[in-house]
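Below, each chain spelled out in residue letters.
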Amino acid sequence: MSSYLRYPDIHEDLVTFIAADDVWLAPIEGGRAWRLTDDRQPVRTPRFSADGAHIAFISFRDGHPEAYVISVDGDEAARRLTWWGGKNTLVLGWTSGGRVLVASHAGEFNLRHTVVKAVGLDGSVERLRYGPAWGIAESESGAVALSTPGSRPPAQWKRYRGGSAPRLWMDTAGEGTWTQLLADEPASLVDPMWVEGRLAFVSDRAGRVPGSAEEANEQANLWVFDDEVPDGASEPRQVTHQGPDQGYVRDAATDGRRVVWHSRGRIFLLEDLSGEPREIEVSTPGAEPEAFQAKSAKNLSRPSPDHGGDASLVTWRGNGYWLTHREGPARALVADSAVRVREPALLDRTGFGVFATDAEGEDSLEIHHLTGAEPSRR
């Protein structure tokens, strides 16, 4: 089984990404990758410094998300930069002066108030004028674009069109005068980037729900404003056209010319805005997922006990079980990773139980003999 690759970033001939709860490096042409960290703890959003000498990232090594930095050549261990203890902390990139852009709600009044701060490698912290943001990008001319915080990433809340969708704002002169771009767009607008001097972002704005089957299956893709200085009247064009087989463009990053992202655990590279993306195929030796023992008390449904109180019909992690109240194994009545059952109930004292199932797409009822002596029926 191949590793699930996430959060890529690019610098010259290297790409960094997350796999198996560690930060990795690999050549942009693909091939064998190597670990940069070895903590085996959740990490995210590694970002190269402008000179490519360091990578900043978020690690849960100490139980909560904090910003760390590590040298690319591996001559020193990862060093912790923040001590905030906040639940929501993100690395957004680097300043041109070599400080890490970190957004966090630590010290703020609201969990979603992830204010941008510049953190120096010496641990110094400066609260910047940008306010809350999920993504930020500054052009060579000084123009700044940012996306506001949202509740969930677009890939987790597909084609969401509510009031918590991230918005896109632009400060053309970098002086604090902001203009909202695509003010009437209800879709999420994330990952602002300056690519070849143009403002690009990621959105599933082409999706329409309700709409045709094609519109309802639209994925998040890369978009770009061809205007050199976009304003409130500017309209973007779609650059990539990933469909349901490829999945959402997720966590896109750029070096100013090329764009990388991950989709369904695979890393893609776009060499220029007029080209076609290609997959960066890498191997991560030693990163194959290991077996784990799931905790039985977690995700366990409310039990439906039998008349004598000897056993219960339950669901756990989408599967259905006949569970004895004493020692002994649980009997799996439904154990299919492609099917989810729920709402277990006993049919009086008949020896049968029923689940709601999505086995045929639309929800239906499925009846099972509790000992498995008879085939199930819908």
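Let us look at the structure shown here.

1. Re the overall build of the chain
- On a plain count of helices and strands, the chain comes out with one helix and 33 strands.
- Projecting the C-alpha coordinates of the chain onto the three principal axes gives extents of approximately 75 × 50 × 45 Å.
- Burial analysis of the chain (378 residues in total) assigns 49% to the buried set.
- Expressed as a percentage of contacts within the chain between residues at least 6 apart in sequence, the contacts between residues at least 24 apart total 38%.
- Within the chain, the 56 negative side-chain charges are centred at a point lying 7 Å from the centre of the 41 positive side-chain charges.

2. Brief notes about the sheet that holds strand β17 (residues 179-181)
- The four strands lie next to each other as β14-β15-β16-β17, forming an open sheet whose pairing is antiparallel. Of all strands in the sheet, those with a lone pairing partner are β14 (135-138) and β17, marking the two edges. On average, each strand axis in the sheet is tilted by 25° relative to the strand beside it, whichever way the strands run.

3. A word on the pattern of salt bridges
- All told, the structure shown has 21 salt bridges when counted by the stated rule.
- Its salt-bridge partner being E66, residue R80 comes within 3.4 Å of it at the nearest N-O pair. A residue pair is termed long-range when its members are at least 10 positions apart, and R80 in strand β9 (residues 79-80) and E66 in strand β8 (residues 66-71) qualify at 14 residues.
- Residue class for R80 comes out buried when judged on its relative accessible area of 16%.
- Residue classification places E66 among the buried positions, given a relative accessible area of 0%.
- Of the charged contacts, one joins R99 and E126 as a salt bridge, the two residues approaching to 2.8 Å between their closest N and O atoms. Residue R99 is located in the loop between β10 (89-94) and β11 (100-104), and its partner E126 is located in strand β13 (residues 125-132); the two are separated by 27 residues in the primary sequence.
- Among the residues examined, R99 registers a relative accessible area of 28% and is labelled partly exposed.
- On the basis of relative accessible area, E126 is assigned to the partly exposed category, the value being 36%.
- Residues joined by salt bridges that share partners form a network here, namely D22, R35, D38 and R40.

4. Notes on the pairing of strand β16 (residues 168-171)
- Pairing geometry for strand β15 (residues 144-147) and β16, over four bridges, is antiparallel. Across the sheet, the residue bridging to A145 is M170, located in β16.
- One ladder, built from three bridges, connects β16 with β17; its direction is antiparallel. Within β17, the residue paired with M170 across the bridge is T179.

5. Digging into the sheet that holds strand β29 (residues 319-324)
- Taken together, four strands build an open sheet; the order of strands is β27-β28-β29-β30 and the sheet is antiparallel. Only two strands of the sheet have a single partner each, and these edge strands are β27 (304-305) and β30 (331-334).
- Alignment of β29 against β30, held across three bridges, turns out to be antiparallel. Residue G320 lies in a different strand from β30, and its bridge partner there is V334.

6. Observations regarding the nonpolar core
- Formed by 18 residues in total, the largest nonpolar core has its most connected members in L222 and V259.
- Of all elements in the fold, only β18 (190-195), β19 (198-203), β20 (221-224), β23 (259-263) and β24 (266-270) reach the threshold of two or more residues within this core.
- The biggest single contributor to this core is β18, with three residues.
- For L222, the contacting residues outside a window of four places in its chain are M193, A200, F201, V202, R237, Q238, V239, T240, V249, V259, L270 and L273.
- Formed by 15 residues, the second largest nonpolar core is a distinct cluster that contains V15, I28, A253 and A287.

7. A look at the environment of E228
- Along the polypeptide, E228 turns up in the loop between β20 and β21 (237-238).
- Excluding residues within four positions of it along the chain, E228 makes contact with W194, G197 and R198.

How each quantity is defined
Residues numbered from 1 in each chain as written. Predicted model: local features only at pLDDT ≥ 70, side-chain atom pairs only at ≥ 80, totals over all residues. Heavy atoms only, no water. Helix = DSSP H or I, 4+ residues; strand = E, 2+ residues; numbered from the N terminus. Buried < 20%, exposed > 50% of the residue type's maximum accessible area, 1.4 Å probe, protein only. Contact = heavy atoms within 4.5 Å. Lys, Arg positive; Asp, Glu negative; His and termini not counted. Charge placed at Lys NZ, Arg CZ, Asp CG, Glu CD. Pairing = 2+ DSSP bridges. Axes fitted to C-alpha atoms, helices over the stretch in contact; angles between N-to-C directions. Salt bridge = Lys/Arg side-chain N within 4 Å of Asp/Glu carboxyl O. Core = buried A, V, L, I, M, F, W, Y, C linked by side-chain atoms within 4.5 Å.

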